[in-house]
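Chain residues, written in single-letter form:
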Amino acid sequence: MKTIKSKKAMILYYVVFIGILVSFAAFFISYFGKPTAYLQFEGAIQLSFINASQEAEKQMLYNDIAAKQAAAKTSYELALNGGYFGASECGQIKGLNIWSSKYVPDYKNNFLRLMLDNLDTILGTKDELLRGRYLLSVIDNSLVGTSKSSSTVFKTEVFKKEGSPDTIRYEYAVNPSFKVDGLTVIAELNDIKEFLQFANCNGRTDTTNCLSRAWDKWPKRESYSPMFAEVQDYKSEIEIKSKKSTLILKEGRLYYEPLTYKLAYSAE
Amino acid sequence: MDKLLKSRKAVGFDDFLPLVIAVFIFLMVFLFVGFAINNSEKAKINSVEEIKDKIMMTDALINYLRADVQDYNLKIADLIYLAEDDKKYLPLLISTTEQYFSSLPENYFSKYSYELSIAGKNIGKSIPIGNRHCPAAHNILQSEVLLPSHAKDYFIKVSINRAYC
């Protein structure tokens, strides 16, 4: 009381002390503390939109890669199976599916059936939402997958403040379709079908000789290396190796090499 | 004030010293508060710059993974898988990566030190990209993409890391 009534100038040290404390606190908080929510500036919402679109892009890339690997696995399995999905309806010789003038596999459809299984396996648990949701089609040398139903939604929040009711949410939706280019298996199976028609060995007991002679005259022979082996009268084993490298997924490993087609031919 | 200045009375040392200390302390208070305000502004600008950089890095990463490999019917993402399964593809992956990033406009990765990192079960590789490289980089900002693995039990992580020198 005496101090307050005094007319003499003086320094109030406790005020100075509080000021020092406040300034130090401000300094340490700003220097060592986490930066305050960066979303409180002009353009924050727009940047969040870009972020969400990039998350969607990442998902699309993930789907494209999964689809490409599934296609690599499908191509390898289909070539090894002579274009069939499982065993051929007209039987097997030495474990090889038979092609004949009556039985030619619907390899395009078999590719799509096998592809759906492989795609679900590779998408795995990360994309539970996308499993079994694709409609597949082969257009020229490309495989196109379109989503059956609704699109995938990427949610992003802006103006997020702890405990604040002012949080704004928006959704960014994309159609998770994919396209795999450079598919060779369908075109190459087409070539094999074309070759067998060109050879026209139906009813010939010496099928291997017939096929070998036809091969030498076949216009597309430069693109493949063949191997024909006699199994019995009217029946031959065929192994045709392409000369064009493609992605192959076999036994859990990815390779960049040509496909080998294995089948049996019946001239009966 | 005039009276004070014209006063011929000396200021005693016991009054002068606290005055100097008080002025000094208030100066310090102003400096600290000023620095704190400046620092928080800088942090805000940095965080905006970080968002901007992260967007740029993610964009570059996605474009990189989708880019074609010269003379092969492959994308760079395919090459990463091939290198993961067979080390003979690693030199091709490194040269393709260096070639890809050096073909970008000069100012693309010029401000900080950047590196591309590929981490999988069998592959672990860091490739410097951009014009500035520093061995003791710190304060790393990362943009990453996870690629599915055909082996199902893991992912391949491809990231671009930005660091201060």
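Look up: the structure comes first, before these words.
These numbers come from a predicted model, not from an experiment. (Residues numbered from 1 in each chain as written. Chains lettered and ligands numbered in written order. Predicted model: local features only at pLDDT ≥ 70, side-chain atom pairs only at ≥ 80, totals over all residues. Heavy atoms only, no water.)

Caption draft 1: Quick peek at the overall build of chain B. Looking only at helices and strands, chain B features four helices and six strands. Listing each helix as α and each strand as β along chain B from the N terminus yields α-α-β-β-α-α-β-β-β-β. Overall, chain B is about 95 × 35 × 25 Å in size when its C-alpha atoms are taken along their principal axes. Evaluated residue by residue, chain B yields a buried proportion of 41% over its 165 residues. Counting only contacts in chain B whose residues sit at least 6 apart along the sequence, the fraction spanning at least 24 positions is 59%. Taken as a whole, chain B presents about 9,700 Å² of accessible surface, with 59% of it coming from carbon and sulfur. Side chains of chain B give 19 positive and 19 negative charges; the mean places of these two sets differ by 8 Å. (Helix = DSSP H or I, 4+ residues; strand = E, 2+ residues; numbered from the N terminus. Buried < 20%, exposed > 50% of the residue type's maximum accessible area, 1.4 Å probe, protein only. Contact = heavy atoms within 4.5 Å. Areas by Shrake-Rupley, 256 points an atom, 1.4 Å probe, with all protein chains shown as cover. Lys, Arg positive; Asp, Glu negative; His and termini not counted. Charge placed at Lys NZ, Arg CZ, Asp CG, Glu CD.)

Caption draft 2: Expanded view of helix α3 (residues 44-80) of chain A. Residues and elements named next belong to chain A. Along its 37 residues, α3 runs 54 Å from first to last C-alpha, staying within 8% of the 54 Å computed at 1.5 Å per residue. For α3, the buried fraction is high: 26 of the 37 residues fall into the buried class. Looking one or two residues past α3, Gly-82 carries a phi angle of roughly 65°, positive in sign. (Expected span 1.5 Å × (residues − 1).)

Caption draft 3: Just the pattern of salt bridges, in detail. Residue and element names in this part refer to chain A. Taken as a whole and assessed by the stated rule, the structure comprises 16 salt bridges over all chains. Salt-bridge contacts for Asp-191 lead to Lys-220; the nearest nitrogen and oxygen are separated by 2.8 Å. Of the two residues, Asp-191 sits in helix α5 (residues 185-199) while Lys-220 sits in the loop between α6 (207-217) and β8 (224-232), which places them 29 residues apart along the sequence. Linking Asp-206 and Arg-204 is a salt bridge whose minimum nitrogen-to-oxygen distance equals 3.4 Å. A single network of salt bridges, built from pairs that share partners, joins Asp-191, Glu-194 and Lys-220. (Salt bridge = Lys/Arg side-chain N within 4 Å of Asp/Glu carboxyl O.)

Caption draft 4: Representation of the interface of chain A and chain B. Each side of the interface is counted separately: chain A has 39 residues, and chain B has 43 residues. Summed over both sides, the interface of chain A with chain B buries roughly 3,800 Å², with 70% coming from carbon and sulfur. Area buried by chain A at its contact with chain B is led by A:Gln54, A:Leu61 and A:Tyr256, which between them contribute 16% of it. Summed over the shared surface of chain A and chain B, the result is two salt bridges. Here B:Asp78 makes a salt bridge to A:Lys68, at a shortest N to O gap of 2.6 Å. (Buried area = accessible area lost by both parts, 1.4 Å probe.)

Caption draft 5: Expanded view of the packing of α5(A) against α6(A). Residue and element names in this part refer to chain A. Between α5 and α6, the least distance of the axes is 9 Å, while the angle of their chain directions is 110°. Viewed along their axes, α5 and α6 adopt a mutual orientation that is roughly perpendicular. Contact residues: Phe-195, Leu-196, Phe-198 and Ala-199 in α5; Cys-210, Leu-211, Ala-214, Trp-215 and Lys-217 in α6. When grouped by side-chain class, the residues that make up the contact of α5 with α6 number eight nonpolar, no polar and one charged. (Axes fitted to C-alpha atoms, helices over the stretch in contact; angles between N-to-C directions. Parallel < 35°, antiparallel > 145°, perpendicular 65-115°, else oblique. Nonpolar A, V, L, I, M, F, W, Y, C, P; charged D, E, K, R; others polar.)

Caption draft 6: Main features of the sheet that holds strand β1 (residues 92-93) of chain A. Residues and elements named next belong to chain A. Spatial strand order, β1-β2-β10-β9-β8: five strands in an open sheet with mixed pairing. If you trace the sheet from one side to the other, it starts and ends with β1 and β8, each paired once. Here three bridges tie strand β2 (residues 96-100) to strand β10 (residues 253-266), and the two strands are oriented parallel to one another. Paired with Ile-98 across the two strands is Ala-264, which belongs to β10. (Pairing = 2+ DSSP bridges.)

Caption draft 7: Representation of unusual backbone geometry in the model. Its identity as a non-glycine residue notwithstanding, A:Lys94 has a phi of 50°, on the positive side. Looking at where A:Lys94 falls in the secondary structure, it is placed in the loop between β1 and β2. Its identity is not glycine, yet B:Asp71 carries a phi of approximately 70°, on the positive side. Summarising the element assignment, B:Asp71 is placed in the loop between β1 (68-69) and β2 (74-75).

Caption draft 8: Spatial organisation of the side chain of A:Ser242. Residue and element names in this part refer to chain A. Counting through the fold element by element, Ser-242 comes out in strand β9 (residues 235-250). A polar atom in the side chain of Ser-242 sits 3.0 Å from the backbone nitrogen of Lys-244. Other than its neighbours up to four places away in sequence, Ser-242 contacts Glu-188, Ser-223, Tyr-224, Pro-258 and Leu-259. (Polar contact = N/O pair within 3.5 Å; in protein donor to acceptor, adjacent residues only side chain to side chain.)

Caption draft 9: Geometry of the pairing of β10(A). All names here are of chain A. When β9 meets β10, the two strands line up antiparallel, connected through 13 bridges. Its bridge partner lying in β10, Ile-248 is registered against Tyr-255. Linking two consecutive strands that pair antiparallel, namely β9 and β10, is a turn of two residues; a positive phi of about 45° is found at Glu-251 within it.

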